[in-house]
Structures are given as structure tokens and as C-alpha cells.
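# Survey of secondary and tertiary structure
Residues per chain, in single letters:
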Amino acid sequence: MATVMGVFAHPDDETFIAGGTFARLAAEGHRVVIACATRGEMGRRLGVPLRATRESLGALREQELREACAALGVSRLVLLGYRDKEVEMVPEDEGVSRLESLFAEERPASVITFHDPLGGHPDHAAIGRLATSAFARYRRMNEGARLFYLAWGDDLAAFRRYPQPAKALVEVDVRAYRRQKLLAFRAHRTQSELDGAIWGSEEKAVHRMRHCEYFVLSQGPSLRRPGTLTD
Ligand SMILES: [Zn+2]
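Residues numbered from 1 in each chain as written. Predicted model: local features only at pLDDT ≥ 70, side-chain atom pairs only at ≥ 80, totals over all residues. Heavy atoms only, no water.

### Observations concerning the pattern of salt bridges
Basically, it comes down to this: For this analysis, a salt bridge means a side-chain nitrogen from Lys or Arg found within 4 Å of a carboxyl oxygen belonging to Asp or Glu. Exposure classes here rest on a 1.4 Å probe applied to the protein chains alone. A residue is buried below 20% of its type maximum, exposed above 50%, and partly exposed in between.
Across all of its chains, the model carries 17 salt bridges by this definition. Salt-bridge contacts for D173 lead to R175; the nearest nitrogen and oxygen are separated by 2.5 Å. Judged by relative accessible area, which is 28%, D173 ranks as partly exposed. Of the residues examined, R175 reaches a relative accessible area of 44% and is grouped as partly exposed. A single network of salt bridges, built from pairs that share partners, joins R31, R76, E105 and E106.

What follows is the structure, encoded as C-alpha cells:
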């Protein structure tokens, strides 16, 4: 069994983009570790009806993230404690060293993060940049490790937007893990409350979720089995 680490910017990134994959990895017996750069305290959504103030949102979203990680079966959550909307201001040395130490401690077989600039939000691009540099250092001593970027689209067209050295598009079938993903979506109440499709009947909500999640292999050995992130 392997350790897989996700490195993200905000609470909910792990669930909304790759929750089915983490639930599947955990159910298959892998150790899933999530590192989240911020507590998402600058998010525009404060809940419907209002659940938080600007001052209390960070603590509430941290709690939501803990609940979501529990729903997905995440083994360890690490909060890096950076400020929301300011990840690009984190000194590179400090951010890279921090993640490199975490990689050295956890020895992940695979790391999943955002691509810069395809991750979109400036915080996403910034944490992806730090994680990519940290991974390059980590890989010097761990040649078999792999780095994946989150793919937003679901087809080869999305993959082709990725610059080299993108090696492969990995399609992970998460159909059997949509219920866990839904529970994690619902745990991120302040962010998902406006989304009616999430809060109707559980069966309908599960039915509407994506069947697959997509990742781009960027560094590390080719995969022997399609549809996995670990071998
Ligand atoms: Zn985000």
C-alpha cells in the first residue's frame, strides 16, 4: 500500500476536484495525506443562511475540512497556516522547504497538486508551484515517486493544454465512491449550500456526480496499470 499526498490551497479543493479519488484510494487501503495551505477565511460564501462572520469563517471552514476529510477516509490533514488569497506572497524558500520536509516525512508514492498556471486561482497556482519545486527535490532521493496535476476537463483536449513534460492523462473511475464524495461536499456546508443539486435527495445527488476524475502525470515513471495513481 502506498501513501498519496494532495497539496491544495483552500478547504474544499480536495473534495470538489478529487474527492472521489481520495475516497477510493483510502478504501483500497492507501494512506491519504492532505496538506491545505490556508483556512479559506477570505471566501465570499459565508453560508446560507449566514453561518459565519468574516472573523469566524476560517475556524468554521477548518472544521468543515476536518469533517470532509473524515468522510473521504483521509489519514492525516496538515494545515500549513498561510493566509487565504496571499499564498503567492509566501517566501519560496520557506514554502518549498516546508513541503519538502513533509514529503520526506510521509514518503508519498504520488503527490497531487495544481498546475501553474492551469490551476486557475492565484492561490492554486502558487501552492502548485511550491509543491512542484518541493517534489523535484524530494524525487532526487525517491526516483519512483510521481507528481500529478489536477485536470479540470475530462478529455484529451484538456490534457493537450498541459505543456510538456506531461506524460499521461489518468482517468480514475470514482463511481463507487460518489456517496463519500457527496458527504464531503455536504461537510463543506458554507461553500456548497447554494448548490441545490447537492442538497436534494441523496440518491439523486449521488447520481449527478461525475463518474471519473482526471489527473496529468507530470514527473516520475510511467504507470503500468491504467486508471491508478499508485502503480
Ligand atoms: Zn481553491
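### Observations concerning the coordination of the zinc ion
Rules: Metal donors: N, O and S atoms at distances within 2.8 Å, or within 3.2 Å for Na, K and Ca, with water omitted from the atom set so that some sites may seem incomplete.
Each protein donor to the zinc ion is listed here as H10 (ND1), D13 (OD) and H124 (NE2); together their distances run 2.1 Å. Taking relative accessible area as the criterion, H10 reaches 7% and is therefore assigned buried. Residue classification places D13 among the buried positions, given a relative accessible area of 4%.

### Description of the packing of helix α3 (residues 92–106) against helix α4 (residues 122–139)
Here is the rule we go by: Every axis in this analysis is a line fitted to C-alpha atoms, fitted for helices over the stretch in contact. Angles between the N-to-C directions lie between 0 and 180 degrees. Strands are runs of DSSP state E lasting at least two residues, helices are runs of H or I lasting at least four, and both sets are numbered from the N terminus onward. Roughly parallel means an angle under 35 degrees; roughly antiparallel means over 145; roughly perpendicular covers 65 to 115; every other angle is labelled oblique. Helix crossings fall into two classes, left-handed where the near helix is turned counterclockwise from the far one by less than a right angle and right-handed where it is turned clockwise. Residues are treated as being in contact if the distance between any of their heavy atoms lies within 4.5 Å. Each residue gets one label: Ala, Val, Leu, Ile, Met, Phe, Trp, Tyr, Cys and Pro are nonpolar, Asp, Glu, Lys and Arg are charged, and the others, such as Gly, are polar.
It is at 8 Å that the axes of α3 and α4 come closest, and there the two elements cross at 55°. Here α4 runs oblique to α3, going by the angle between their axes. In this structure, the crossing between α3 and α4 has a hand that is right-handed. Contact residues: E92, G95, V96, S97, L99, E100, F103 and A104 in α3; I127, L130, A131, S133, A134, F135, R137 and Y138 in α4. Tallied by class, the residues present in the contact of α3 with α4 amount to 10 nonpolar, 3 polar and 3 charged.

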